[in-house]
Structure formats: C-alpha cells, structure tokens
Amino acid sequence: MQQNTEPFDLQAYMTGGVERVVSDALKATLRNPRESAFMVKFAAASKAASRKRRKAEDAGEHIPPFLIASITSKCNLHCAGCYSRCNHATVDAEPVSQLTAAEWLRIFEEADELGISFILLAGGEPMLRRDIIEAAGRKPDILFPIFTNGTFMDEKYFDLFDRCRNLIPIMSIEGGREMTDSRRGPGIYDRLIANMDELKKRGLIFGASVTVTTENIREVSSDAFLKKLSDRGCKAVIFVEFVPVTEESSGLAPGEEERAFLHGEIIRLRRDHPEMVYISFPGDEKSSGGCVAAGRGFFHINSHGGAEPCPFSPYSDVNIRSTSLRDALHSPLFLALQKGDILLDDHQSGCVLYEKRELVEQILAGNAG
C-alpha cells in the first residue's frame, strides 16, 4: 500500500477546522435573523483572517487561529478535580497584579492584526471581569466564547450579549442535575437552566461546555441530553476531555476506547443534528499531526500575562506585558516544543503536555540555563 508522502499542512488543517466551525454556526443560526446576520459578517472577517495567516505561513511564520485567555484567577466554585485549582492557577482571594482591561484590549487588537479569529475567555470565572468582556465586545471581527460557570449571569450581561454578538457565553454543565451538581455544587444545574431559558427568550446565542469523564461520557453524548440543550436554544457544545491532576482522579480520564467512542459520536452528531456546533478538545490529535498547543493551533495567556503552551501546561518563559503577542508566539519554549517530538508523542491521557510535564520543565530549565 502506497504511503502518503505529502507534508502535513498545519495551516490548511486549522483553517479547514475554522471554516467548518463557522459554516456549522451559520447553519445553527439560520432561524435567528440577528444572529445569522452577525455570523455572515463574521464569516467574511474569518476568511480575511485566514488570508492573513496563510500569507504569514508562506513567509515562514505560523500564526494559530485560536487563543485562550484566562482573564482572572479568581473563582467562586470548587469543582471536583479542577486542574486549575490543583495547579494553583485558580484561587479564592482577590487576584493581585493581573492584566488590566487596557492591557487585554491591546492583546485583542494585536490578535486581530495577526489574523487570530477566536479568543476563548476563561478563568477562574471570567464573568468576574466585566471590564475585560466589555473590551472584547469592541472587537467584532473576533469571536469570544466565554467559558463560564454561569453564576454571575445578570441583566447587565444579557444586555451586553445583545449589543455585542461576538460575545458567546459557554456555560459549563456535566450532564443532568445529579451529575452537574455532584461536581459543581448544589443548585448549579437549576441556575444554568434558568440562564438558558432567559437567553433563549431574548434570542441570544449561547453554548455549553462539558467536561467528559468515564462517568458521564454516555450521558453527555446521548441524543436525549443534547436534545434538552437544543430545545433550550443551545447552539454549540464543546466537549473537553477530563485531565487527571491527582492519582485518585486518574480513573475519570477517558482512555483510547472512550476517545474513539466520542470521536465517532461527534461525527454522527454533526451529520444528524446540524442545529448545533460540536467541538472536541483536545480532539483527535492523530489527524491534526499531534497536539496543537504551544502556538501550533492555539496557546494560552494566563491572568498575569504569562504566555503558556496550554492551560494544562502552565509553564512560561515570556510575559505579554513586556513583549508583543507576535514575539510571545516565538518564545524559546514554544519554538522548542514545536521543533521537538513531545507534541507528536503517544500518550495515555487527553493531554500530552500534562502527561509529559517533566520533559516540558526540563526544556524550560534548559532554555533558562
């Protein structure tokens, strides 16, 4: 059997993924004139951004289409097995010396110039930083999914989402009431449902983020669960594979069999239920030529400005406060990871960088030395 010797074109792969997401979003919003009108405009902006990235690629510079921005380290919940708390990236106390709204706006503007189409706002709990989310609303050519626990959704936020259609709340839910409340706390499921009902009543687009574990994988990929979300107006479901941060939680991490099952379900759902967008993270790394962190497909900026390969790999050798976004993309750590074998290595859990964190630490120490 003849093997394909064509070099893997990462930029083409990532652009294809972006175009599919935008196309799916257009289909999912056809019945909502205001959302559909915004998505048509965003589709044009996304194509222009893709051309910028392709031009840079042809000149020898790779620009990813995605950025993850953790805009605060504070959170009001203590979700079971939270990787961010275990890494001490999320705390209860009021954060000190974090990036200001003006600094984040500068990052958003530089991202726009580079051709970055999606900036995922995370935390902590990002809705604690209304000033930054308002700044994001001023960049309509970038789509900002806001990964929130939903407990700070209020009248002012509903009005902001109505004015700025590029801000998309993505609420974390683990399945039904029992599964959600057991991980996130009593009453959280009912609060999420109330938010969804209010968003639907106002004709606002929103999505759901699901942490996939060995305990809930069948429930959260079932037609019954997803129909409940769709009936409430949900337009996107992002499946995030659980990454174990303690030995006790390792049994919750999906293995090869579970990941293959989820991959097959997502293909089926995209075919049979186009009324919603389905995304898996980290997804099928084999088809994407390995892990797409460290600037290959995305990278992460923490709340204090450190540019990191991924939220699950909290290591940084450059701070965005003292450099440009473009220069941060070419940090020694990112370049070493892109040129080495770690991102392409086989691994057991959903995150190769977390599983091989000792090797990442060695690279960081070597660069510093």
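Counting restarts for each chain: residues are numbered from 1 in the order of the written sequence. This being a predicted model, a pLDDT of at least 70 is required before a residue's local features are given, and a value of 80 or more before pairs of side-chain atoms are given or counted; all residues contribute to the totals for chains, interfaces and linings. Side-chain measures here rest on the full set of heavy atoms in the structure, leaving out hydrogens and waters.

Novice: Whenever I open this one, the overall build of the protein chain confuses me. Can you help?
Specialist: What the protein chain contains, in helices and strands, is 15 helices and nine strands. With the C-alpha coordinates aligned to their principal axes, the bounding extent of the protein chain is approximately 55 × 55 × 45 Å. The contact rule is simple, with two residues in contact once any of their heavy atoms fall within 4.5 Å. Within the protein chain, contacts between residues separated by at least 24 positions form 72% of all contacts whose residues are at least 6 apart in sequence. Counting only carbon and sulfur atoms, one obtains 53% of the accessible surface of the protein chain, whose full area is about 16,500 Å². We score Asp and Glu as negative and Lys and Arg as positive, and we do not count His or the chain ends. Here the site of a charge means NZ on Lys, CZ on Arg, CG on Asp, or CD on Glu. For the protein chain, the distance from the average position of its 44 positive side-chain charges to the average position of its 53 negative side-chain charges is 7 Å. Helix and strand assignments follow DSSP, with helices taken as H or I runs no shorter than four residues and strands as E runs no shorter than two, numbered in order from the N terminus. We get accessible surface area from the Shrake-Rupley algorithm with a probe of 1.4 Å; when it comes to residues, only the shown protein chains can shield them.

Novice: Please clarify how the environment of Phe 261 should be interpreted in this entry.
Specialist: As for its placement among the helices and strands, Phe 261 is situated in helix 11 (residues 256-272). Residue Phe 261 is classed as partly exposed on the basis of its relative accessible area, which comes to 23%. Sequence separation between Phe 261 and Val 352 is 91 residues; the distance between their C-alpha atoms is 19 Å. In this structure, Phe 261 is in contact with Ile 217, Arg 218 and Ser 221, ignoring residues within four places of it in sequence. The rule is simple: take the accessible area with a 1.4 Å probe, protein chains only, and divide by the maximum for that residue type; under 20% is buried, over 50% is exposed, in between is partly exposed.

Novice: What's the story with the pairing of strand 5 (residues 206-212) in this structure? I'm lost.
Specialist: The side chains of a regular strand alternate, first on one face of the sheet and then on the other. Burial analysis of strand 5 places seven of its seven residues in the buried class, which makes it a mostly covered element. Burial along strand 5 is two-sided: the residues Phe 206, Ala 208, Val 210 and Val 212 and Gly 207, Ser 209 and Thr 211 are all buried. As paired elements, strand 4 (residues 167-172) and strand 5 share three bridges and run parallel to each other. Of the residues in strand 5, the one forming a bridge with Ser 172 is Ser 209. In this sheet, strand 6 (residues 234-241) lies alongside strand 5 in parallel orientation, the contact comprising seven bridges. In the strand pairing of strand 6, Thr 211 is matched with Val 240. For two strands to pair, DSSP has to find at least two bridges joining them.

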